Amino acid sequence: MNRLTIIGNWKMNTTPESAHILGYNISKILSDGGMGNIVICPPHISLDRVAQAVAGSSIRVGAQDVHPEPSGAFTGEVSAPMLAELVEFVIVGHSERRTLFAESDEFIAGKVTASIEAGLKPILCVGESLEDRRAGRAESVVSSQLLACLANVTDVSSLLVAYEPVWAIGTGEAATPQISQDMMSSIRSALRSGFGDAAHAVPCLYGGSVNADNVQSFLRQPDIDGALVGGASLDAESFVAIVARASEVAAD
């Protein structure tokens, strides 16, 4: 297993003030820097406030999205060079971006490349729909997404991959540990086919209704290195409980 990584995606929640408080509370509880890579991803409007709130702690900050172009007439968008002054990580290709905003693999590939060029660490999300899984094409769909989004990448040393089955995001219905492990094994195989031995160092995370009760069952799988947490990361005690349970697995 790579070093434990737990990422909290706050999505379109919190105000700048409440985000500051949430970030501060998480950082104060998680004062032990030996718990792995802990990242929180607030909305763009709160990145600076949250970065200030966690300054001096082991908590890192990430953004929830990025535009592939470095600058230009893209009203309302945020570029990788802008984010690079504030954060270390950025989520790209989340299923909500794919489904609600019709983002294609080609468009997401541009985001991955832009992020890496700006010195950011992209958290590339991939995952199948319930229809794909029922049709028996889940692994082929996810492998296709993965390699298409990495089409312009030659160095995966800064990459993280998050497997988020679309049918488990925000539904309360998590995939089983075995389903997740089977998919992670397929993802690693696809990475090896494109990038050789470097694929072994890419952290692979599970996301989709992760909570303190189920996180250990996922992290005990050999190819799962962490979790991308949604709703449960919006409460400091809930998120810290996930990190604590995950750390128990890492310490085994």
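A. Quick look at the overall build of the protein chain. Looking only at helices and strands, the protein chain features 10 helices and eight strands. Computed over its C-alpha atoms, the radius of gyration of the protein chain comes to 17 Å, within 12% of the 18 Å expected for a compact globule of 252 residues. In terms of overall dimensions, the protein chain has C-alpha extents of about 50 × 45 × 35 Å along its principal axes. For the protein chain, buried positions account for 52% of its 252 residues. The long-range fraction of contacts in the protein chain, counting pairs at least 24 apart against all pairs at least 6 apart in sequence, stands at 71%. Once the 16 positive and 29 negative side-chain charges of the protein chain are each reduced to a mean point, those two points are 3 Å apart.

B. Summary view of the layout of surface pockets. Within this model, the largest pocket holds a volume of roughly 420 Å³. Along its surface, the largest pocket is lined by 17 residues, and K11, M12, Q64, D65 and R97 are the ones closest to its centre. With three residues, the single largest contributor to the lining of the largest pocket is helix 4 (residues 95-100). Each residue belonging to the lining of the largest pocket can be placed in one class, and the counts come to seven nonpolar, five polar and five charged.

C. Region of interest: the environment of V90. Considering the arrangement of structural elements, one finds V90 in strand 4 (residues 89-92). For V90 and V66, which are 24 residues apart along the polypeptide, the C-alpha to C-alpha distance reads 7.2 Å. When neighbours within four sequence positions are excluded, V90 is seen to be in contact with A63, D65, V66, L83, S115, L120, K121, P122 and I123.

D. Expanded view of the pairing of strand 5 (residues 121-126). With five of six residues buried, strand 5 lies mostly within the body of the structure. Two strands pair when backbone bridges link them, and strand 4 and strand 5 are joined in this way by four bridges, in the parallel orientation. Each bridged residue has a counterpart across the sheet, and for V92 the counterpart in strand 5 is L124. By the bridge criterion, four bridges tie strand 5 to strand 6 (residues 160-163) in an arrangement that is parallel. If you follow V126 over to strand 6, its bridge partner there is Y163.

E. Layout of the side chain of S115. Relative to the helices and strands, S115 resides in helix 5 (residues 105-117). If near-sequence neighbours (up to four positions away) are discounted, S115 is found in contact with V66, A80, V90, V92, L120 and P122.

Quick notes on the rules
- Residues numbered from 1 in each chain as written.
- Predicted model: local features only at pLDDT ≥ 70, side-chain atom pairs only at ≥ 80, totals over all residues.
- Heavy atoms only, no water.
- Helix = DSSP H or I, 4+ residues; strand = E, 2+ residues; numbered from the N terminus.
- Rg over C-alpha atoms; globule rule 2.2 N^0.38 Å.
- Buried < 20%, exposed > 50% of the residue type's maximum accessible area, 1.4 Å probe, protein only.
- Contact = heavy atoms within 4.5 Å.
- Lys, Arg positive; Asp, Glu negative; His and termini not counted.
- Charge placed at Lys NZ, Arg CZ, Asp CG, Glu CD.
- 1 Å grid on protein atoms, 1.4 Å probe; cavity = no way out; pocket = protein on both sides within 12 Å on 5 of 7 lines; lining within 4 Å.
- Points joined across faces, edges and corners; volume = space filled by probe spheres on them.
- Nonpolar A, V, L, I, M, F, W, Y, C, P; charged D, E, K, R; others polar.
- Pairing = 2+ DSSP bridges.

So far we have only geometry, and geometry alone does not tell us how the molecule works.
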